[in-house]
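Spelled out, the chains give:
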Amino acid sequence: MRRRCCETPDVGQEGLCPSWPSPLGGELAPQTPRGEVRGSGRDAAGAPSPREFRAPPASPDLFFPGGVRGAPPPPGGESPRGAEPLSERRHLALHLPRLPVERLRRESEPFALWGVDGPRRLVTAASAQAEAAGVHAGQALADAQAILPDLVLEPADPAGDAAFLERLALWTLRFTPLVALDPPQGLLLDVTGVAHLFGGEEALLDTVVQHLARQGLTAIAALADAPMAAAVLARAGVQRVVPPGGAAEAVAPLPLFALRLEEDLAAALHGLGLRSIGAVAAQPRAGLVRRFGAGLAAALDEAMGRRARPISPLRPPPELGVHRDFAEPIATRESIDLVVAELLDALCRKLRETGSGARRVGLSAFRVDGTVQEIAVGTGLASRDPAHLGRLFAQRLERLEPDCGYDRLALEAWQVEALAGAQSGLGLGAREARREALAELLDRLSQRVRVWRPAPRASHWPEREVARVSAFESVTVPQGWAARPRPVRLLRRPLRVTAMAEVPDGPPRLVRLGRVSHRVLRAEGPERVEPEWWRDPPERPMRDYYRVELATGARLWLCRVGFDAPGAEARWYLHGYLP
Amino acid sequence: MSPSTMSSRPDPNHPDPTPDPSPDPPPGHALDRPALLAALRARIARLDRSGAALEARGDTALPLSPAIDAALPWGGLPRAALHEILAAEPGAAAGFAALLLARAAGPVLWIAPDPDAWPPGLARFGLSPAALVLVRAPRPQDALWAMEECLRCPAIAAALLMAPELDLTTARRLQLAAEAGGALGLLLRADTEAPAPTAALTRWRVGSAAGDSTSAHDLGDPRWKLELLRCRGGKPATWHATWRAGPGTLATDEEPAAPARRRRASA
């Protein structure tokens, strides 16, 4: 990581490390970097993945990067390392210019969305019909209504747009397992090595756009080495496949807005007469960085494919997966059951070939209208038994909503563990078979109800004597555990009772349960339990436990608290039932 | 030995198969023959299956105590069946259930809306926490489903369900599941004055009895009043039993408890 950063020719470092003495005197005075690049994979939904990690920018030995020290970069924007591609990956970028409008499916009339920007109400998006009449995003709402009096208006819903974009990203998982969001209106697909499945890169591009068009979405797709190069092309409305290594040439004539720079930065560049990406890139690097900050340089490098920027996928690629596409959508339970059984067979065959078993399996059902529904099941022990996994899925399949049918079902093993094969039959594996049968039962139960094992714990505080552990863990019982008589049922919420004792510290003589008073025949105790000072708050009171037998024969575990506080009345609780 | 010993007892090695409610077929109905054959085949398969499950386990009935075993037609409490326990006293009934679960020797599932089984107390009856799995099923239909799944599983020794009163169909379903799987099924529920008929093989009411300790500061061993209210093929009977934790045995009083010492558990 660090080595790569050292090689990167132009990393403007001013402002990031103000305490370091500046080699160029006052000219490199600390200033906040401008030209931050917005959007792209960094602020994609979800936690940042480790793939996104980048070396810390402020490091002393980065401070004299080759390009900054005087020598002007060669003309034409070509830095010495710019010619060779940084990676052999291929990325497809999708830009959906009318996403907020088209997702609402209002094709019949001119339609626009509006939002509030300070005191003004502005049009944020307009349908094709409305745009043809002269309504455009950024226009004042009053103007738009004056142009088109019968314009149908609705308030914008950015959160809904983001959710829709994420849903669409799940849908594009049918093309490649690596998909990242490029909000607000873009998607980035890593299509390295998948193009041949669709008959080449051109065909892949067409397929994606056609599929989206069938859903009523206008999309512009571009394919290039670097993800940002493809994204810039798509944002600028250029639908093409850039051959490997050609990103810099392809991007150079594009206008600056495609870089998504900050507004004042873009305006400043316009003021200098720099209208295209190539024009900016042709400027001397040092001055550019000094004047506009490192962000602009980084954005330029990423767009021209000189600097690799990994995309952060929406979800990690599955370990193993199988899928099936249908020419005719399927909607009935019988057919879904059949396909799931077939997919499970195929997945388990793959698992057996790799010597592994699945701990977590997910079924993605792609509906015709673009919705993706997911069902996941987990197992306690790694399994590759189609019958067992099928039973787990059978309980969950009813949650699917095959409205108009599915055109694709995909089954993926999300979590996989090594699983050695065991010989079955011959009567040798009876014990093993029983263990597996129990694990399968617990799997089935835990799909629907909570299942756990009680594990002894080293504590004398009754509520902490037993911990809950997973039902698949084995529990060991320490020697001498539970030597004292204890209740067989412990009330989770102790019951407040009234009891009378002969002397203040004596055992109870009369216990009132509900409305009935019971005479106490025998009482054992007290057993004093002090709070655990290393765990409990200091104000927690100690308890005196009595085991009492009532005249009816019932045996109770009574507890007295509050006796040690001065002036306080002791309180009695029923904490459990003794056998 | 016990007052309720039966004069003639069926062979304990052949548990009484559940009588099938299907009536005898009317002769000469050729159209019904396939259905009839299928039903008979299913019945034979079921009998075979429960038999095989029991054979695999080796023993068919859990011993309780000599006196109680002698009164039960199976020479003990049979596995592969459903038994109902009415809890006249919650502690005593849970203790008795724990004793049965422990004697089943194997993985045990305790299903309840909010399982408050307390392993430190259950361990005194020989039920180790290593064998116990707790299942929380707040909804009744989930609890019944879980119980049925457990009973059908050949890998478990026993399952206990804490539930309100079950109707006949549900109990019958659980009974059939237990027959198929070979596990011991227990239904633990609160006592009611007039319990409805049940499909379970036996029904017990467990209450507590006054201890035999002479000191006012020592509770002594747990003492229970065990009432066998219903037993298929056997007679109802009542015992007073003491659980001796040291040797791990359930000792019944030789004589019926004297009326003076007898304290009826409040139902």
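That block above? That's the structure.
Right, let's walk through the structure included here. (Residues numbered from 1 in each chain as written. Chains lettered and ligands numbered in written order. Predicted model: local features only at pLDDT ≥ 70, side-chain atom pairs only at ≥ 80, totals over all residues.)

### As for the overall build of chain A
- When you go through chain A residue by residue, the secondary structure sums to 15 helices and 19 strands.
- The contacts of chain A with a sequence gap of at least 6 include a subset with a gap of at least 24, amounting to 60%. (Helix = DSSP H or I, 4+ residues; strand = E, 2+ residues; numbered from the N terminus. Contact = placed C-beta atoms within 7 Å.)

### Remarks on the overall build of chain B
- Along the backbone of chain B there are six helices and eleven strands.
- Looking at chain B as a whole, 45% of its 267 residues are labelled buried.
- Across chain B, the fraction of contacts at a sequence separation of at least 24, relative to all contacts at a separation of at least 6, is 69%. (Buried ≥ 20, exposed ≤ 12 C-beta atoms within 10 Å, placed from the backbone.)

### What about helix H14 (residues 386–396) of chain A?
Residues and elements named next belong to chain A.
- Every buried residue of H14 is accounted for by His388, Leu389, Leu392 and Phe393. For H14, the buried positions fall inside an angular range of 130° around the axis, keeping them on one side.
- Residues of H14 that are buried make contact with helix H13 (333–353), strand S9 (356–367), strand S10 (372–383) and helix H15 (430–446). (Arc of directions from axis to C-beta.)

### Notes on the sheet that holds strand S6 (residues 186–190) of chain A
All names here are of chain A.
- The four strands are arranged S5-S6-S1-S7 in an open sheet whose pairing can be described as antiparallel. Looking along the sheet, the strands with just one partner apiece sit at the ends: strand S5 (179–182) and strand S7 (220–224). Strand-to-strand, the axes of this sheet are offset by a mean angle of 20°, without reference to chain direction.
- Sheet topology places strand S1 (residues 91–95) next to S7; five bridges connect them, and they run antiparallel. (Pairing = 2+ DSSP bridges. Axes fitted to C-alpha atoms, helices over the stretch in contact; angles between N-to-C directions.)

### Re the environment of Leu411 of chain A
Residue and element names in this part refer to chain A.
- One can find Leu411 in strand S11 (residues 406–418).
- The spatial distance from the C-alpha of Leu411 to the C-alpha of Leu363 is 4.6 Å, given a sequence separation of 48 residues.
- Beyond its immediate stretch of four places on either side in the chain, Leu411 contacts Gly321, Val322, Leu343, Leu344, Leu347, Val361 and Leu363.

### As for the environment of Leu176 of chain B
Residues and elements named next belong to chain B.
- Structurally, Leu176 can be placed in helix H6 (residues 168–181).
- On the neighbour-count criterion, Leu176 (18 C-beta atoms within 10 Å) is partly exposed.
- Along the backbone, Leu176 and Ala80 are 96 residues apart, and their C-alpha atoms lie at a distance of 8.7 Å.

### Observations regarding the interface of chain A and chain B
- At the interface, 44 residues of chain A touch 50 residues of chain B.
- Sorting the residues of the side of chain A that touches chain B by element identifies H15, strand S12 (450–456), strand S14 (489–501), strand S16 (516–529), strand S17 (543–550) and strand S19 (571–577) of chain A as the ones contributing at least two each.
- In terms of residue count, S12 of chain A provides more of the side of chain A that touches chain B than any other element does, seven residues in total.
- Residue classes in the side of chain A that touches chain B are distributed as 25 nonpolar, five polar and 14 charged. (Nonpolar A, V, L, I, M, F, W, Y, C, P; charged D, E, K, R; others polar.)

### Remarks on the sheet that holds S12 of chain A
- One open sheet holds the eleven strands; their spatial order is S13(A)-S12(A)-S5(B)-S4(B)-S6(B)-S7(B)-S3(B)-S8(B)-S9(B)-S10(B)-S11(B), and the pairing between them is mixed. Edge positions in the sheet fall to strand S13 (466–470) of chain A together with strand S11 (249–252) of chain B, since each has one partner strand and no second. For this sheet, the mean angle separating the axes of adjacent strands, direction not counted, is 30°.
- Strand direction decides the pairing type here: strand S9 (residues 223–231) of chain B and strand S10 (residues 237–244) of chain B, joined by six bridges, are antiparallel. Pairing of Trp224 of chain B across the sheet is with Ala241 of chain B, part of S10 of chain B.
- Docked against the sheet, helix H5 (residues 140–152) of chain B engages strand S4 (108–112), strand S5 (132–136), strand S6 (158–162) and strand S7 (184–190) of chain B, running at close to 170° with respect to S6 of chain B.

### Some points on the packing of helix H11 (residues 285–292) of chain A against helix H12 (residues 294–303) of chain A
Residues and elements named next belong to chain A.
- The contact between H11 and H12 brings their axes to 6 Å, and the two run at 130°. Here H11 is positioned oblique relative to H12, judged by the angle of their axes. Contacts between H11 and H12 involve Arg285, Leu288, Val289 and Phe292 from the former and Ala294, Leu296 and Ala297 from the latter.
- Of the residues in the contact of H11 with H12, the class split is six nonpolar, no polar and one charged. (Parallel < 35°, antiparallel > 145°, perpendicular 65-115°, else oblique.)

So, to be careful, I would describe these as geometric facts and stop short of saying anything about function.
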